[in-house]
Amino acid sequence: MEFKTTNADHAIIITVTGRLDTVTAPEYEKQIRALIDSGNNCFVVDFEQLDYISSAGLRVLLVMAKLLKTKAGQVCFANVNSTVYSVFEMSGFSALFKIENSVTEALAALENNLNLNG
């Protein structure tokens, strides 16, 4: 798994490449915790290059959501390919998380939500 971050106006864009599984999930969680602990609370996770996600990968996404909830933060997923999306649907994640077709749409959705909430 490769984990890259890019700063946008009001969010951090995280690009995840490869596999999010038992082997890579701990590193993802470590990096997410570091970003949130340093004061970031608004994220777009770009899954365009993600080939595979396991239950361990799903678990760290839930951990991320719970950490953000305590900080009044938010996350939106973008570019979820059909393989990963089918796992999201089977696990109920497609109902739990905001999912957009592109990073641009995800950023707009987060900004819109920020404007609505204050």
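Just so you know, these numbers come straight off a predicted model, no measurement behind them.

Description of the overall build of the protein chain
Along the protein chain, the regular secondary structure elements total five helices and six strands. Secondary structure elements of the protein chain, listed N to C terminal, follow the sequence β-β-α-β-β-α-β-α-α-β-α. Rg of the C-alpha trace for the protein chain: 13 Å, near the compact-globule value of 13 Å for 118 residues, within the 12% margin. With respect to the principal axes defined by its C-alpha atoms, the protein chain has extents near 35 × 25 × 25 Å. Counting the 118 residues in the protein chain, one finds 43% classified as buried.

Let's talk about the packing of aromatic side chains
Across all of its chains, the model carries seven aromatic pairs by this definition. Geometrically, the ring pair formed by Phe-77 and Phe-97 is stacked, given 4.6 Å between the ring centres and 25 degrees between the ring planes. Taken together, the residues Phe-77 in strand β5 (residues 74-78) and Phe-97 in the loop between α4 (93-96) and β6 (98-100) connect sequence positions 20 residues apart. Phe-77 gets classed as buried once you look at its relative accessible area, which sits at 0%. A residue is classified by how much of its surface remains accessible, and Phe-97, at 8% relative accessible area, is buried.

So, helix α1 (residues 25-37)
With 13 residues, α1 extends 18 Å from end C-alpha to end C-alpha; this agrees with the ideal 18 Å at 1.5 Å per step. On its buried side, α1 packs onto β1 (2-7), β2 (12-20), β3 (42-46) and α2 (55-70).

Quick word on the environment of Thr-70
Inspection of the secondary structure assignment puts Thr-70 in helix α2. A relative accessible area of 65% places Thr-70 in the exposed class. Along the primary structure Thr-70 and Asn-41 are separated by 29 residues, whereas in three dimensions their C-alpha atoms are 9.7 Å apart.

Looking at the pairing of β3
Working note: regular strand, side chains alternate between the two faces of the sheet. For β3, a buried count of five out of five residues is recorded, marking the element as mostly surrounded by other parts of the structure. Of the two faces of β3, both are covered, the one formed by Cys-42, Val-44 and Asp-46 as well as the one formed by Phe-43 and Val-45. Sheet topology places β3 next to β5; five bridges connect them, and they run parallel. Within β5, the residue paired with Val-45 across the bridge is Phe-77.

A short note on the pattern of salt bridges
Scanning the model with the defined rule gives four salt bridges in all. One salt bridge connects Asp-21 with Arg-19, and the closest N-O pair in it is separated by 3.0 Å. Using a relative accessible area of 10% as the deciding quantity, one classes Asp-21 as buried. Put simply, Arg-33 and Glu-29 hold a salt bridge, and the shortest N to O gap is 3.0 Å. One end of the pair, Arg-33, and the other, Glu-29, are both in helix α1, four residues apart, so they sit about a helical turn from each other. Using a relative accessible area of 36% as the deciding quantity, one classes Arg-33 as partly exposed. The buried category is assigned to Glu-29, whose relative accessible area is 15%. Overlapping salt bridges bring together Glu-29, Arg-33 and Arg-59 as one network.

Criteria and thresholds
Residues numbered from 1 in each chain as written. Predicted model: local features only at pLDDT ≥ 70, side-chain atom pairs only at ≥ 80, totals over all residues. Heavy atoms only, no water. Helix = DSSP H or I, 4+ residues; strand = E, 2+ residues; numbered from the N terminus. Rg over C-alpha atoms; globule rule 2.2 N^0.38 Å. Buried < 20%, exposed > 50% of the residue type's maximum accessible area, 1.4 Å probe, protein only. Phe/Tyr/Trp six-rings, centres within 6.5 Å; stacked < 30°, edge-to-face > 60°. Expected span 1.5 Å × (residues − 1). Contact = heavy atoms within 4.5 Å. Pairing = 2+ DSSP bridges. Salt bridge = Lys/Arg side-chain N within 4 Å of Asp/Glu carboxyl O.

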